[in-house]
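These are the residues of each chain, in order.
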Amino acid sequence: MKWTLILLLFVYIPSFGQNTISFTNNNPPPKASLSDVAWIAGHWKGEAFGGITEEIWSPPLGDSMMFVFKLVVDEKVAFYEVGHIRQEGETLILRLKHLNSNLTGWEEKDKTVDFKLVKLEGNRVYFDDFTFEKINESEINIYVVIEQENGSKEEVKFNYKK
């Protein structure tokens, strides 16, 4: 009995706290519009990666919501992201590009990092390994799966306040 309980703990612990969902080609992206995610708009600040993080999201306009992200460590910009959530047909897609502090890009010129919509559920919007969670009008969480240098993946939580 004791060993069964220990084994069950090891099986369930890795999935505990999982806040992201991976997109699979088995299911098409759900129908959604920018009005479903308009609550993301705002000027958000938080802490992560040993520094201050800032995201500014515009309200929906022209079939998209644009954003910029900045990480500041030791009072210097470490990197930026620029991107959007865009209406594509009857669904949404999140696209972004990374930029060094001098605005040179990480991705090739015509490449973006894309996150397909997986699911809308209550106060959460699930893109592929990227989740937005509305806590209240002045607080959100963003969960992102980030690949580490050794190839492992880790879910990182960003807590933002207006």
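Definitions and limits used
- Residues numbered from 1 in each chain as written.
- Predicted model: local features only at pLDDT ≥ 70, side-chain atom pairs only at ≥ 80, totals over all residues.
- Heavy atoms only, no water.
- Helix = DSSP H or I, 4+ residues; strand = E, 2+ residues; numbered from the N terminus.
- Buried < 20%, exposed > 50% of the residue type's maximum accessible area, 1.4 Å probe, protein only.
- Core = buried A, V, L, I, M, F, W, Y, C linked by side-chain atoms within 4.5 Å.
- Contact = heavy atoms within 4.5 Å.
- Phe/Tyr/Trp six-rings, centres within 6.5 Å; stacked < 30°, edge-to-face > 60°.
- Lys NZ or Arg CZ within 6 Å of the ring centre and 35° of its normal.
- Salt bridge = Lys/Arg side-chain N within 4 Å of Asp/Glu carboxyl O.

**Focus on unusual backbone geometry**
The backbone of Glu-75 shows a phi angle near 65 degrees, a positive value even though the residue is not glycine. Take Glu-75: it is sitting in the loop between strand S3 (64-73) and strand S4 (76-88). For Glu-75, a relative accessible area of 79% translates into the label exposed. One non-glycine residue, Asp-129, lies in the positive phi region at around 60 degrees. Note that Asp-129 resides in the loop between strand S7 (124-127) and strand S8 (130-136). When its relative accessible area of 16% is taken as the criterion, Asp-129 is described as buried.

**Description of the nonpolar core**
Formed by 29 residues in total, the largest nonpolar core has its most connected members in Trp-57, Ile-85, Leu-94, Phe-127, Phe-130 and Phe-132. In terms of residue count, the dominant contributor to this core is S3 (4 residues). Apart from residues lying up to four places away in sequence, Trp-57 is in contact with Ile-40, Ala-41, Gly-42, Trp-44, Met-65, Met-66, Phe-67, Ile-85, Leu-94 and Phe-132.

**Focus: the packing of aromatic side chains**
The final tally for this structure, using the stated rule, is 10 aromatic pairs. Ring geometry for Phe-130 against Phe-132: centres 5.4 Å apart, planes inclined by 35 degrees, an arrangement best described as tilted. Feature note: the residues Phe-49, Phe-69, Phe-79, Trp-106, Phe-158 and Tyr-160 constitute an aromatic cluster, connected by ring pairs. Taking NZ or CZ as reference, Lys-119 lies 5.2 Å from the ring centre of Tyr-126, over its face.

**Details of the side chain of Thr-53**
As for its position among the elements, Thr-53 is in strand S2 (residues 51-57). If we ignore the near neighbours within four places in the chain, the residues touching Thr-53 are Trp-44, Lys-45, Gly-46, Glu-47, Ala-48, Phe-69, Lys-70, Leu-71, Phe-158 and Tyr-160.

**Some thoughts on the pattern of salt bridges**
Taken as a whole and assessed by the stated rule, the structure comprises 8 salt bridges. A salt bridge links Glu-137 to Lys-134; the shortest N-O distance between them is 2.8 Å.

By themselves, these are just geometric observations and shouldn't be taken as functional.
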